[in-house]
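# Chain and residue survey
Chain by chain, the residues run as shown.
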Amino acid sequence: MKNSFKYGSIVEGNFFTNRAEDLVKATQVIQSSNHLILISPRRYGKTSLINKAIAPLNRPTIFLNLQLVTSVADFATELLKRVFALYPMEKAKQILKNFRIVPTISFNPISNAIDISFAPTAPAKPILEDVFALIDTLGKKQKRLIVVFDEFQEIRAIDKSLDKHLRSIIQHHQNVNYVFMGSQESLMQDIFERKKSPFYHFGVLQTLDVIPYADFEKFLTKGFSSVHKPSAASLAKNILSFTRQHPYYTQMLAFHYFNALCRKKSSTMQDVISSIIREHDMDYERLWMGLNRKDRELILELILIEKQLKNTANSHIPTSTRYSAYKRLLQKGFLIQTKEGYRIEDPFFAEWIMNKRKP
């Protein structure tokens, strides 16, 4: 029986959980002359949502994750590679005719892979300017290019002045829709909402929250109905109670629970959770050992608070220390910030910690 759930990669088709309102908002911006700023914690489905919005538009699209970019020159090179992936090689001379610094291009006819490089001594910023000028030239008013930058908060880590330089380049573009996605809300807010920032109010800001409970419950119930219809509704509620509606971990638990039920109808959710934790035991141990003692103490406190075994009123961690640690753990991806406050991003990691502490 085909599993009704999917995680770990871009979610499409029937696997895409209802984000109707978010989808409409994102699509409207991309179809306008404006740019989109999309913010949410990691693994909330930003890429899946953008893919869903872009797919029916039939417009050329470039994706680049800035976490994988190491320098300004690397930024320009990776963008140019994606341009060549969109346009035939025979257009190379035409595409590069206005470049001040011409790159070396090699093509593998077997794999169709293109490698592009510039001389190590070549100044990086003129190269970047030429690449972005090319991108705007390739776009058309009736079929604008879409350029998606994931983890855009890394822009300042690549080069401290890159955000200012990039803003001065792309503010004049008329034939491109830019989508800036980021998972660190405070950094993204600083880039796009702080008045002194070069990108202040550069686009339409949209934040993704967890998928609404009713929508997620309906999706899960429908998915489990094919394997265990009598208990499908209760299974959905139990899963959402454990994952707190986190899109990635909900799909993950549902996927493994579905498979367990196909093998043995009497499988319990705790059996599945325990199995997942065992599979990731070494990963979780590595994460835990990589934390300093203060961060471990804070994470444990948050878990105990969520399980209603403790509250911050009787905490001995100073407020200033707590909030500096929150910020650090947010950036590292251990925590997420919700309307209710801070909590552990990975519920399975939290469960692993509690299991290890049992007498």
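Everything here concerns the structure above.
The rules we used
Residues numbered from 1 in each chain as written. Predicted model: local features only at pLDDT ≥ 70, side-chain atom pairs only at ≥ 80, totals over all residues. Heavy atoms only, no water. Helix = DSSP H or I, 4+ residues; strand = E, 2+ residues; numbered from the N terminus. Contact = heavy atoms within 4.5 Å. Areas by Shrake-Rupley, 256 points an atom, 1.4 Å probe, with all protein chains shown as cover. Lys, Arg positive; Asp, Glu negative; His and termini not counted. Charge placed at Lys NZ, Arg CZ, Asp CG, Glu CD. Buried < 20%, exposed > 50% of the residue type's maximum accessible area, 1.4 Å probe, protein only. Pairing = 2+ DSSP bridges. Axes fitted to C-alpha atoms, helices over the stretch in contact; angles between N-to-C directions. Phe/Tyr/Trp six-rings, centres within 6.5 Å; stacked < 30°, edge-to-face > 60°. Lys NZ or Arg CZ within 6 Å of the ring centre and 35° of its normal. Salt bridge = Lys/Arg side-chain N within 4 Å of Asp/Glu carboxyl O.

Broken down by element type, the protein carries 16 helices and nine strands. Taken along its principal axes, the extent of the C-alpha atoms in the protein is 70 × 50 × 40 Å. In the protein, the proportion of contacts linking residues at least 24 apart, taken out of those at least 6 apart, comes to 71%. For the protein, the accessible surface area stands at approximately 18,700 Å², while carbon and sulfur atoms represent 51% of it. Distance between charge centres in the protein, computed from 51 positive and 34 negative side chains, equals 2 Å.

The subject of this paragraph is the side chain of Asp22. Structurally, Asp22 is set in helix α1 (residues 20-30). Among the residues examined, Asp22 registers a relative accessible area of 16% and is labelled buried. Sequence-distant contacts of Asp22, that is, excluding residues within four places in its chain, are made with Leu49, Gln206, Thr207 and Leu208.

This paragraph deals with the sheet that holds strand β1 (residues 36-39). Strand-to-strand pairing in sheets goes through backbone hydrogen bonds, with the strands running parallel or antiparallel. Ordered in space as β2-β5-β6-β1-β7, the five strands form an open sheet in which the pairing is parallel. A single partner strand is all that each edge strand has here, and the edge strands are β2 (61-65) and β7 (204-207). The mean angle between the axes of side-by-side strands here comes to 15°, regardless of whether they run parallel or antiparallel. Relative to strand β6 (residues 176-182), strand β5 (residues 145-150) is paired through five bridges, and the arrangement is parallel. Along β6, the bridge assignment pairs Ile146 with Asn177. Strands in contact with helix α3 (residues 72-86) are β2 and β5; relative to β2, the strand with the most contacts, it is inclined by about 150°.

This paragraph deals with the environment of Ile155. Locating Ile155 in the fold gives a position in helix α6 (residues 155-158). Given the relative accessible area of 0%, Ile155 is considered buried. In the structure, Ile155 is positioned 132 residues away from Leu23 in sequence and 26 Å away in space, judged by C-alpha atoms. Among residues more than four places away in sequence, those in contact with Ile155 are Leu66, Phe75, Leu162, Asp163, Leu166 and Ile191.

On to the packing of aromatic side chains. To describe a pair of aromatic rings, one takes the distance between the centres and the angle between the planes. Inspection of the entire model under this criterion finds 34 aromatic pairs. Seen in terms of ring centroids, Phe199 and Phe202 are 5.2 Å apart; in terms of plane orientation they differ by 85°. Their pairing is edge-to-face. Using a relative accessible area of 11% as the deciding quantity, one classes Phe202 as buried. By the ring-pair criterion, three or more aromatic residues cluster together here, those being Phe75, Phe132, Phe149, Phe152, Tyr178, Phe180, Phe192, Phe199 and Phe202. Positioned over the ring face of Tyr248 is Arg43, at 4.7 Å from the centre of the ring.

This paragraph deals with the pattern of salt bridges. Summed over the entire model, instances satisfying the criterion amount to 17 salt bridges. Overlapping salt bridges bring together Glu78, Lys81, Arg82 and Asp115 as one network.

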